[in-house]
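# Geometric and topological summary
For reference, the chains in residue letters:
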Amino acid sequence: SLSTDCVLCKISPTGYMEAPLSYSTIEDLQLLSWDNAPKYCVQLSFPGGTVLLQAANSYLRDQWFHSIQWKKKIYKYRKVLNNPSRWDVVLKEIRALVDMALTSPLQDESIHQAPLHIISTLLAENTNLSAQDHENIIVAIAPLLENNHPPPDLCEFFCKHCRERPRSMVVIEVFTPVVQRILKHNMDFGKCPRLRLFTQEYILALNELNAGMEVVKKFIHSMHGPTGQCPHPRVLPNLVAVCLAAIYSCYEEFINSRDNSPSLKEIRNGCQQQSERKPPMPLRLLRPEPPTPPPTTTLSPPPALPLSPPPSIVNSSEILVELERNNNTTNTLRKAPAEGVSEPNLIDCLLVSPALNALSIQLPAHADRVLGCFALILKMLSDYDDWRPALASLLQPIPFPKEELKYVIQRFAEDPRQEVHSCLLSVRSGKDGWFQLYSPGGVACDDDGELFASMVHILMGSCYKTKKFLLSLAENKLGPCMLLALRGNQTMVEILCLMLEYNIIENKDTQLQIISTLESTQVGLRMYEQLCDRQRELKELQRKGGPTRLTLPSKSTDADLARLLSSGSFGNLENLSLAFTNVTSACAEQLIKLPSLKQLNLWSTQFGDAGLRLLSEHLACLQVLNLCETPVTDAGLLSLSSMKSLCSLNMNSTKLTADTYEDLKAKLPNLKEVDVRYTEAW
């Protein structure tokens, strides 16, 4: 291996290797080329004689020759650079070392990594170099960095240079391609966190230039590329990892003070043992003193806890906190907190409305600049359409109060793609998502619920089951919905009307309260009156009766169907054929108004998944459904599992898969006739 300090061994008369011969003692190395010379031999000359190494073929012989030659030279450079005397000579040797690595015909990772490690050791052992010496060395090793990640020690040196000389031309000319390569090719920052730190410091150095964030913006655009689709799939997750690590570092001291774990700084300084750290102390943020409650006769005040020493204000380097030490009751409180009293979690402490002024967080100027820079990068990332789906899945609720983050969530809420706005909801059980955090009363809401209303609007208009989502809102967010409806928010007024129309609310008092809320505003009163009119018309249609069978002419459209159904009474319609028409999923809004419908023929139409989901929620009595040659997929067909009355289902020539077919058979007990020809399930 080229990366190990292997040695040659002198050959004994019996043909075996015995005494070791180091690479540094090799005086000459050559290939035997004279007439009648042994084939495929390499000759090594030592002070005490020569050694012939014979390979099996010319290719292996050449590999031996170049490998031994490279190893011999690398030892020479290591010896010279370990004991530098004049830095002009050192710089010349570094350039020669780089040229040797670049011109070597060997294909091995060590060819480029070994010189970088030698230079890393040189820089680590000579910390008193001038800034110009630093720049000269960086420029000299730049060719090696074009196709190789810098080793950890060299990353530390680069980070120091970015912090101390952010306006140096080396940052732009040399570090830019290095960082670009890291972002495009790095697979795991956990294996080398210093690469992430170097990328972070490089971005902060760009932010220190005269143009500031404009330079950062151009760099982000260069990483995406000029087209609408980024050709580098690793760039986005790497950028997000860098941003979140930088944001975390601003609150690192606060976070570690809560769980008494060693910080990154302490780990670097060797403080990894628990015994080296101070005993844990409960910590609370500075909050305004609550008003003193009036004395009551029913409840006695809780006994005061003895504090020793008294509370003291400590102004740390990153956050202003108040420490309370309690020698006797700390462990008891942790095991059995008082009823109604719980230590605020990290999101409650940090992701808080600035308008409420309920929390005093003081970050130093540097930490505030870091937050502003990387929050703006997240904002830039959300402006790229092709990056937004992956960004939405990567970003979970992040505990830092920055307006730029709210802009990112707004972009998620405005995006009509389901894979984007679905990430607004909780993705882990027991954890709040953006939808909960930005709802009125949530820790991040500072806009009277406007962003929350936007989220509800896009989620209601997506492919989610309407009734299921309404049930969730009624169970968890009915109060915020009623509050926003009371303030005239049209989306929330529509939500309350749908809750009444679909009989989501069973409690009569709650129903009356919703009605009173709707009648308190002009928009609510108008929508409620329209709801009452629709329900009266539906009951009237059911009383009038009408035809039981109906077939629309071919080439009919959604508008034609709506016009026909509005022209007469169809309360008794049981069989409807839309086969070979031009209807789409939009006509589902009309079909769900036919309460007696039992047979529906959609053969060769453009009726898709969205319409199928709506039918599954409202037409529970449907018995026969023909979806032959429609664009439905598993996403819509799975929703049919709630239509327990289905006894005949035609899915011929659809995108049905075998797994979905098996799932439907298991969940539809009355299904007797099924057509799955020309599908994967056939």
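Up top is the structure.
Residues numbered from 1 in each chain as written. Predicted model: local features only at pLDDT ≥ 70, side-chain atom pairs only at ≥ 80, totals over all residues. Heavy atoms only, no water.

## Re the sheet that holds strand β4 (residues 41–46)
The 3 strands are arranged β3-β4-β5 in an open sheet whose pairing can be described as antiparallel. Taken across any chain shown, the strands that pair with only one partner, and hence form the sheet edges, are β3 (28–31) and β5 (49–54). Each strand axis lies, on average, 20° off the axis of its neighbour in the sheet, ignoring direction. Seen against the sheet, helix α1 (residues 58–82) touches β3, β4 and β5 and runs at an angle of roughly 160° to β3. (Pairing = 2+ DSSP bridges. Helix = DSSP H or I, 4+ residues; strand = E, 2+ residues; numbered from the N terminus. Axes fitted to C-alpha atoms, helices over the stretch in contact; angles between N-to-C directions. Contact = heavy atoms within 4.5 Å.)

## Considerations on the pairing of β5
The side chains of a regular strand alternate, residue by residue, between the two faces of the sheet. Bridging between β4 and β5 involves 6 bridges; their strand directions are antiparallel. Each bridged residue has a counterpart across the sheet, and for F46 the counterpart in β5 is G49. Here β4 folds back onto β5 in antiparallel fashion, the turn holding 2 residues.

## Brief notes about the pattern of salt bridges
What the rule picks out here adds up to 17 salt bridges. Among the salt bridges present, the one from E662 reaches K665, with a minimum N-O distance of 3.4 Å. Of the two residues, E662 and K665 both sit in helix α29 (residues 658–667), 3 residues apart, roughly one turn of that helix. For E662, a relative accessible area of 45% corresponds to the partly exposed category. Looking at K665, the relative accessible area reads 38%, which means it is partly exposed. D675 is the partner of R677 in a salt bridge, and the nearest nitrogen-oxygen pair spans 2.9 Å. Judged by relative accessible area, which is 15%, D675 ranks as buried. (Salt bridge = Lys/Arg side-chain N within 4 Å of Asp/Glu carboxyl O. Buried < 20%, exposed > 50% of the residue type's maximum accessible area, 1.4 Å probe, protein only.)

## Observations regarding unusual backbone geometry
Not every positive phi belongs to a glycine, and N503 is a case in point at roughly 55°. For N503, the position within the fold is in the loop between α22 (490–501) and α23 (508–519). By relative accessible area, which is 59% here, N503 ends up exposed. Look at F580: it is not a glycine, yet its phi comes out positive at around 60°. Residue placement: F580 occurs in the loop between β10 (575–577) and α26 (588–591).

## Quick notes on the sheet that holds β10
Taking strand neighbours across the sheet as the criterion, the 6 strands line up as β9-β10-β11-β12-β13-β14 in an open arrangement whose pairing is parallel. Across the chains shown, the open sheet's two edge strands, defined by having one partner strand only, are β9 (549–551) and β14 (673–675). When the angles between neighbouring strand axes are averaged without regard to direction, this sheet yields 5°. In the sheet, β9 pairs with β10 via 3 bridges, with the strands oriented parallel.

## Overview of helix α6 (residues 169–185)
Over its 17 residues, α6 extends 24 Å from the first C-alpha to the last, a length consistent with the 24 Å expected when each residue adds 1.5 Å. At F175, α6 is deflected by roughly 50°, the largest bend along its length, and proline P177 occurs up to four residues later in sequence. Buried within α6 are the following residues: V170, V171, V174, F175, T176, V178, V179, I182 and L183. Those residues of α6 hidden inside the fold are in contact with α4 (131–145), α5 (152–164), α7 (193–207), α8 (213–224) and α9 (235–250). (Expected span 1.5 Å × (residues − 1). Bend = angle between axes of the 7 residues up to and from the residue.)

## As for the packing of aromatic side chains
On inspection of all chains with the given rule, the structure shows 11 aromatic pairs. Within the aromatic cluster, the residues linked to one another by ring pairs are F157, F158, F175 and F198. Directly above the aromatic system of Y77 lies the positively charged group of K76, at a separation of 4.5 Å from the ring centroid. Lying over the aromatic face of Y407, K379 brings its terminal NZ or CZ to 4.7 Å of the ring centre. (Phe/Tyr/Trp six-rings, centres within 6.5 Å; stacked < 30°, edge-to-face > 60°. Lys NZ or Arg CZ within 6 Å of the ring centre and 35° of its normal.)

## Remarks on the packing of α5 against α6
Look at α5 against α6: their axes get within 10 Å of each other, and the N-to-C directions meet at 145°. Our pair here, α5 against α6, has a crossing hand that is left-handed. Between α5 and α6, the residues in contact are F158, H161 and C162 and V170, V171 and F175, respectively. (Left-handed = near helix turned anticlockwise from the far one by under 90°.)

## Considerations on the nonpolar core
I94, F175, F198, I220, F374, L381 and M499 are the most contacted members of the largest nonpolar core, which has 142 residues in total. Taken domain by domain, the makeup of this core includes at least three residues from each of domain 1 (1–83) and domain 2 (465–544). With sequence-adjacent residues up to four places away left out, L381 is seen in contact with I220, L236, L239, V240, W387 and L391. Residues L573, L578, L656 and V676 belong to the second largest nonpolar core, which totals 39 residues. (Core = buried A, V, L, I, M, F, W, Y, C linked by side-chain atoms within 4.5 Å. Domains from an automatic or database assignment.)

## Notes on the pairing of β4
Of all the 6 residues making up β4, 6 are buried; the element is thus mostly covered by neighbouring parts of the structure. Judged by which residues are buried, β4 turns out to be covered on both faces: C41, Q43 and S45 on one side and V42, L44 and F46 on the other are all buried. In this structure, β3 lies alongside β4, joined through 4 bridges in antiparallel fashion. Considered in β4, the bridge of L29 is made with L44.

## Here we look at the side chain of S168
Note on placement: S168 falls in the loop between α5 and α6. For S168, the side chain forms a polar contact with the side chain of E135, separated by 2.7 Å. Excluding anything up to four places from it in sequence, S168 contacts E135 and H161. (Polar contact = N/O pair within 3.5 Å; in protein donor to acceptor, adjacent residues only side chain to side chain.)

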